[in-house]
Amino acid sequence: MAPKPNNSNLKYLSLVTLTLQNAILGLSMRYARTRPGDMFLSSTAVVMAEVVKLATSLVLVFLEEGKSVLRLKATLHNTIVKQPMDTLKICVPSFLYILQNNLLYVSASHLDAATYQVTYQLKILTTAVFAVIILRKRLLPTQWAALVALVIGVASVQLAQTDSSGTAASRQQQMPGEPEQNRLLGFSAALGACFLSGFAGIYFEKMLKGADISIWMRNIQLSLLSLPFGLLTCIVNDGSKLSANGFFFGYDGFITYLIILQAGGGLIVAVVVKYADNILKGFATSLAIIISCVASMYLFDFTLTMQFTVGAALVIGSIFLYGYDPGAATGKHKVIKLSPDGGQDQVRLLAEKV
């Protein structure tokens, strides 16, 4: 009888952790990209997040190998060097995740935290589409209905923000000291990030099937191969700024916190997500959207309209509907499904979330 209270407590801990991780990261990214002062280069923050993920994964594999440096080196050599084709395949999701993370910073720069949080739920749609195309998965009728409601909800939220362009939202955009806002660019970046998240998650899920490689080792491969792509992105996008100001221009304690939050958030989610079913994960995402809306009203002068509220409600409802498993009531479960966000938190474990 003792394990039941513990499992119940872990479920509630999972709910709180998932909610805070989802909400705080979006709010923190928005604040970091709109606060006055020297603006850090988001491309360098993406690289540093990969460094943190790589270091964390190396420590975890080191612990798995009995705290032996020699065994760690042997495992890395056997997995990465002796299997070049397998390592080469990892380049695809590594490159896509780097692009995705950069796009998320662009989106956070031009969309308020509430709109960003709602719009990014379109990754459920892109993941489902790629799962059907690549993995030949079959969706339930309720899931298709959820995807339709999701698209309508996100469209409603975007139109609500467009309609309010002449109100407080636009006045906020014109405040001195803040970067210029472009909602179309922000939405396009979020949409691009959703497509990349969906494809990379399903691609990586397909790679994991039948592979006898530790998930932590996969994360080492991902982060290790992501670093060259990330550095190349820095040079291409911000080469002149890097030469003039340096790699860590604009960094302070808050940016360091943001990088650690982004890198470690996926790890926290991965540890607790096994204790949370789809309903709890739906609650967490929904609560994160609500928290983002309320916090944005106080922190960023966000104006909550009826159209935005209806759109957000549709998105929240679609999250629950997509995660609903009719087999749970009868006990007939044919497969264990990944989370509806493409499994990036569960498959990659150290992914960003956004």
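Analysis parameters
Residues numbered from 1 in each chain as written. Predicted model: local features only at pLDDT ≥ 70, side-chain atom pairs only at ≥ 80, totals over all residues. Heavy atoms only, no water. Salt bridge = Lys/Arg side-chain N within 4 Å of Asp/Glu carboxyl O. Helix = DSSP H or I, 4+ residues; strand = E, 2+ residues; numbered from the N terminus. Buried < 20%, exposed > 50% of the residue type's maximum accessible area, 1.4 Å probe, protein only. Phe/Tyr/Trp six-rings, centres within 6.5 Å; stacked < 30°, edge-to-face > 60°. Lys NZ or Arg CZ within 6 Å of the ring centre and 35° of its normal. Polar contact = N/O pair within 3.5 Å; in protein donor to acceptor, adjacent residues only side chain to side chain. Contact = heavy atoms within 4.5 Å. pLDDT = per-residue confidence, 0-100. Axes fitted to C-alpha atoms, helices over the stretch in contact; angles between N-to-C directions. Parallel < 35°, antiparallel > 145°, perpendicular 65-115°, else oblique. Left-handed = near helix turned anticlockwise from the far one by under 90°. Nonpolar A, V, L, I, M, F, W, Y, C, P; charged D, E, K, R; others polar. Expected span 1.5 Å × (residues − 1). Arc of directions from axis to C-beta.

**Q** What is the right way to read the pattern of salt bridges from this model?
**A** Side chains that differ in sign of charge can pair as their charged atoms come close. By the definition in use, this model includes 4 salt bridges. The closest approach of N and O atoms between Glu50 and Lys53, which form a salt bridge, is 3.4 Å. Of this pair, Glu50 and Lys53 both sit in helix H2 (residues 42-64), 3 residues apart, which is roughly one turn of that helix. Of the two residues examined, Glu50 and Lys53, each falls in the buried class. A salt bridge links Asp112 to Arg183; its shortest N-O distance comes to 3.4 Å. In this pair, Asp112 is assigned in the loop between helix H4 (84-110) and helix H5 (113-119) and Arg183 in helix H9 (residues 183-208), connecting sequence segments 71 residues apart. According to the relative accessible area criterion, Asp112 is buried, its value standing at 5%.

**Q** Help me out: how do you make sense of the packing of aromatic side chains in this one?
**A** The relative placement of two aromatic rings is captured by the distance of their centres and the angle of their planes. Tallied over the entire structure, the rule returns 11 aromatic pairs. Measuring from centroid to centroid gives 6.0 Å for Phe40 and Tyr105, while their planes differ by 80°, and the two rings are edge-to-face. With Phe40 in the loop between helix H1 (3-34) and H2 and Tyr105 in helix H4, this pair connects stretches of sequence that are 65 residues apart. Accessibility assignment for this pair places Phe40 and Tyr105 in one class, buried. Grouping aromatic residues by their ring pairs yields a cluster made of Phe40, Tyr105, Phe247, Phe248 and Tyr251. Sitting over the ring of Phe40, Arg33 keeps its end group 4.9 Å from the ring centre.

**Q** What should I look at first to understand the side chain of Thr119 in this one?
**A** Along the polypeptide, Thr119 turns up in helix H5. Residue Thr119 is classed as buried on the basis of its relative accessible area, which comes to 0%. A polar contact is formed between the side chain of Thr119 and the backbone oxygen of Thr115, at a distance of 2.7 Å. In this view, Thr119 contacts Leu111, Val154, Gln158, Phe187, Ala190 and Cys194; residues no more than four positions away in its chain are not counted.

**Q** Would you take a moment to explain the confidence of the model for the chain for this structure?
**A** Caution applies to low-pLDDT parts of the model: their predicted coordinates are not meant to be read in detail. Here the chain averages 79 in pLDDT, and 77% of its residues register 70 or above. The element-level mean pLDDT for the chain is lowest in helix H15 (residues 344-348), coming to 41, with H2 highest at 91. The low-confidence segment residues 166-176 (pLDDT under 50) makes 13 contacts with residues lying over four places distant or belonging to another chain.

**Q** When you look at the packing of H2 against H4 in this model, what are you seeing that I'm missing?
**A** Helix-helix packing is described using two parameters, namely the angle between the two axes and the distance between the axes. Where H2 meets H4, the closest approach of the two axes is 9 Å, and the angle between their N-to-C directions is 130°. It follows from the interaxial angle that H2 and H4 lie oblique. Along this stretch, H2 crosses H4, giving a crossing that reads as right-handed. Where H2 approaches H4, its residues Ser42, Ser43, Ala45, Val46, Glu50 and Lys53 are matched on the opposing element by Ile98, Asn101, Asn102 and Tyr105. Per-class residue counts for the contact of H2 with H4 are 4 nonpolar, 4 polar and 2 charged.

**Q** Please explain helix H3 (residues 69-81) as it appears in this structure.
**A** Since there are 3.6 residues in each turn of an α-helix, residues three or four apart along the chain are aligned in direction. The end-to-end C-alpha distance of H3 is 17 Å, a good match for the 18 Å that 13 residues give at a rise of 1.5 Å each. Listed in full, the buried residues belonging to H3 are Leu72, Thr75, Thr79 and Ile80. The buried residues of H3 occupy an angular sector of 100° when the element is viewed end-on, so they sit on one face. Every exposed residue of H3 that faces more than 90 degrees away from the buried side is listed here: Leu70, Lys73 and Val81. Those residues of H3 that are buried are in contact with H2, H4 and helix H10 (215-245).

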